[in-house]
Amino acid sequence: MDIHTHIEDFSNEIFFEIFDYLHALDIFTAFASLNKQITSLLQSIRLHVIILNSHYDHDIDFLSTHLTFHAHQVISLQISDRIRNRSSIINLLFNRHHFINLQSCIFMLDNSSTKLQNIIKQIQNLNRLVSLFILQPNDININDIDKYDITQTILMNKSSSLRSVKLNYDYDYLSISTYTAITSNLVSLDLLISGSPDTVSVYSILPILRICHRLRYLHATIKHEILSENNYVNVLIQEPIIDENNLPISSQLISFDLSIFAICDIRSISYILHCMPNLIHFKFLHGIRAIVLSFIDDMVNGYTWQHMFQMYVPFLSKFDFFILIENKYTKLNLNIVINSFEYFVKIYPKWQMIIDRWLSHDTSSRNLMKLNDNNVLKQYSTHLSHAVHLLNVNKLKFEPSRDVGQWKDIQFILQVCPNVIDLEMSPRDLIYSKFFDNQSLFSIFKQIKILKAVIDDSFIRSANFGSKLVQRFPSLTHIEVQLESFDDCIHVIDILLSHLKNLSYLKIHYVDISSTDHHFSRNYIIDKRRQIFGFNIIDEHKIIVMKNEQSIEIRLL
């Protein structure tokens, strides 16, 4: 009697459950040629196609062969246009197949030679499409004709199904002003509006509101194409003639996310909010440090924001505010700024204001702050404590910076946040000797449980890094770092496994691949841990080891 269960014994329901977790390429690779039962099931399932830039052309050819008979079953596409050894993948698939039942579509246009005419034509006829995202990496330029055609096709689409659109490519959207109002069913819209200060501003949002009456969620990123941030202070806003009695009113809009990488003033923002009388959630990001001097006072004046909200968005219940300012000419009084936002602290639960302000400095000295000055430390600690309760901070993330003095900023923040247990920073900053070997920080290092140092492209090159790491951070349970080579990786992992008793997860990235081989098998890890810490230190059934060409990942719990 055969007591083993064979795959042919599985019910159809189990297969359907399995297929729900897999995308089309995996399904066809694993199941397409097994038996007639499964071949029949494959005719009735919904397919999700995912093509990443890590795929090869033989993957695409194999997938396309099966899509010849299954394209009508595809309900979602996520396609990177450039893979390892071929480009124009989107155009290839749309030339070969018609995805008549497509509901969700994400295009990664990471290839400047992509021909979009046929794709745009198909999109016009997709009457079941619900969401469409077109994303463009920063270093790739779509030609202007395609941008115009995509924009017109999508925003003038009269489909009753299309509800969510994200167009993330540099475009000024000037052509929108020529569109006639239509019965658009778009509920969610995310646009990157980019161009020169003469053509693009916060006011560029107004024509969008005129043609999309049913929007409930709007995210607009406004970006000026200027070579240097230093030029911003000399730019004047070209304010259009606005008829306040003829503004496009978006009464259904409840969420507005505005990201500004351009010159703007509070007046332009007030005009846009005037169009959103039922707004509930407003998120504002001012993402450039440079700002026109005449706009500073209003931009960081809480009373101005309070008056604007009370006038135009009386139902606002959530307000996120993040602004970066570099002001070399006027010293802002942070106490006055923070006190002006007292209203928001009372009205919005857990509301906090963050101002990232750099002091003017001598560029030859590269010293932004003299943090060894006790008076300066006390001053900045006081300012920080107004914005956040420092004793409650248990997680810190420091973005990478080219400034060689950033380690001082990190040291200062760690010293005024004594309960931090989760730290994320650049590998370059972590290994910097004045930081890593700073005895005044050792007591803080010892309480850190989670350490990540993989934020940027830098890596750690140090023969004794592993031994110093376990001395400095003996309480680590979770660590992720980037080293120079696989050889360093082997050495560091051995040290971590041998010295960190509470370690539960580690992932070591490396840049240079070595001819040295080390499998880091489960048995090796079990023996290593038990040899040092005893038999009960580890549950062998919970160990997971994963290795690829860039990293080794080990889970111990």
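Quick note: structure is the one above.
Let me begin by describing the structure that accompanies this report. Quantities reported herein were computed from a predicted structural model and do not represent experimental measurements.

### Quick look at the environment of H72
Alright, step 1. Its place among the elements puts H72 in the loop between α4 (57–70) and β2 (74–80).
Alright, step 2. On the basis of relative accessible area, H72 is assigned to the partly exposed category, the value being 39%.
Alright, step 3. Along the primary structure H72 and F99 are separated by 27 residues, whereas in three dimensions their C-alpha atoms are 5.5 Å apart.
Alright, step 4. Among all residues touching H72, those that are not within four sequence positions of it are I100 and N101.

### Some details on the packing of aromatic side chains
Alright, step 1. A full pass over the atoms with the stated rule returns 30 aromatic pairs.
Alright, step 2. Seen in terms of ring centroids, F15 and F31 are 6.4 Å apart; in terms of plane orientation they differ by 90°. Their pairing is edge-to-face. Residue F15 is located in helix α1 (residues 12–20), and its partner F31 is located in helix α2 (residues 24–31); the two are separated by 16 residues in the primary sequence.
Alright, step 3. Take F31: its relative accessible area is 9%, and that puts it in the buried class.
Alright, step 4. What links up through ring pairs into an aromatic cluster is the set F256, F282, F284, W305, F309, F319, F321, F341, Y343 and F344.
Alright, step 5. Lying over the aromatic face of F436, R472 brings its terminal NZ or CZ to 5.4 Å of the ring centre.

### Concerning helix α19 (residues 465–472)
Alright, step 1. Of the positions making up α19, those classed as buried are F465, G466, L469, V470 and R472. On an axial view of α19, the arc spanned by its buried residues comes to 165°, and they lie on one face.
Alright, step 2. Against the buried residues of α19 lie α16 (427–431), α17 (433–436), α18 (442–445), β14 (450–453), β15 (478–485) and α20 (486–499).

### Regarding the side chain of D190
Alright, step 1. Within the fold, D190 resides in strand β6 (residues 188–195).
Alright, step 2. Despite its burial, D190 pairs with no opposite charge; the closest candidate is K166, at 4.1 Å N-O.
Alright, step 3. A distance of 3.2 Å separates a polar atom in the side chain of D190 from a polar atom in the side chain of H219.
Alright, step 4. The residues contacting D190, other than those within four sequence positions of it, are V165, K166, L167 and H219.

### Let's talk about the packing of α2 against α4
Alright, step 1. Two numbers describe how α2 lies on α4: the axes approach to 10 Å, and their chain directions differ by 90°. In this view, α2 runs roughly perpendicular relative to α4, as classed from their interaxial angle. Where α2 abuts α4, its residues A24, L25, F28 and T29 lie against D59, F62, L63, H66, L67 and H70.
Alright, step 2. Considering only residue class, the contact of α2 with α4 consists of six nonpolar, three polar and one charged.

### Focus on unusual backbone geometry
Alright, step 1. Of note in this structure, S88 is not a glycine but carries a positive phi near 55°.
Alright, step 2. Within the secondary structure layout, S88 lies in the loop between β2 and α5 (89–96).
Alright, step 3. Even without glycine at this site, Y173 takes up a positive phi of about 60°.
Alright, step 4. Of note, Y173 is situated in the loop between β5 (164–171) and β6.
Alright, step 5. Here Y173 falls in the buried class, since its relative accessible area comes to 5%.

### Considerations on the sheet that holds strand β18 (residues 551–555)
Alright, step 1. The strand order across the open sheet formed by seven strands is β12-β13-β14-β15-β16-β18-β17, and the pairing between neighbours is mixed. The outermost strands of the open sheet, each flanked by one partner alone, are β12 (395–397) and β17 (544–547). Strand-to-strand, the axes of this sheet are offset by a mean angle of 10°, without reference to chain direction.
Alright, step 2. Direction of pairing for strand β16 (residues 505–512) relative to β18: antiparallel, over a ladder of five bridges. By the bridge assignment for β18, I508 is matched with I552.

Definitions and cut-offs
Residues numbered from 1 in each chain as written. Predicted model: local features only at pLDDT ≥ 70, side-chain atom pairs only at ≥ 80, totals over all residues. Heavy atoms only, no water. Helix = DSSP H or I, 4+ residues; strand = E, 2+ residues; numbered from the N terminus. Buried < 20%, exposed > 50% of the residue type's maximum accessible area, 1.4 Å probe, protein only. Contact = heavy atoms within 4.5 Å. Phe/Tyr/Trp six-rings, centres within 6.5 Å; stacked < 30°, edge-to-face > 60°. Lys NZ or Arg CZ within 6 Å of the ring centre and 35° of its normal. Arc of directions from axis to C-beta. Lys, Arg positive; Asp, Glu negative; His and termini not counted. Salt bridge = Lys/Arg side-chain N within 4 Å of Asp/Glu carboxyl O. Polar contact = N/O pair within 3.5 Å; in protein donor to acceptor, adjacent residues only side chain to side chain. Axes fitted to C-alpha atoms, helices over the stretch in contact; angles between N-to-C directions. Parallel < 35°, antiparallel > 145°, perpendicular 65-115°, else oblique. Nonpolar A, V, L, I, M, F, W, Y, C, P; charged D, E, K, R; others polar. Pairing = 2+ DSSP bridges.

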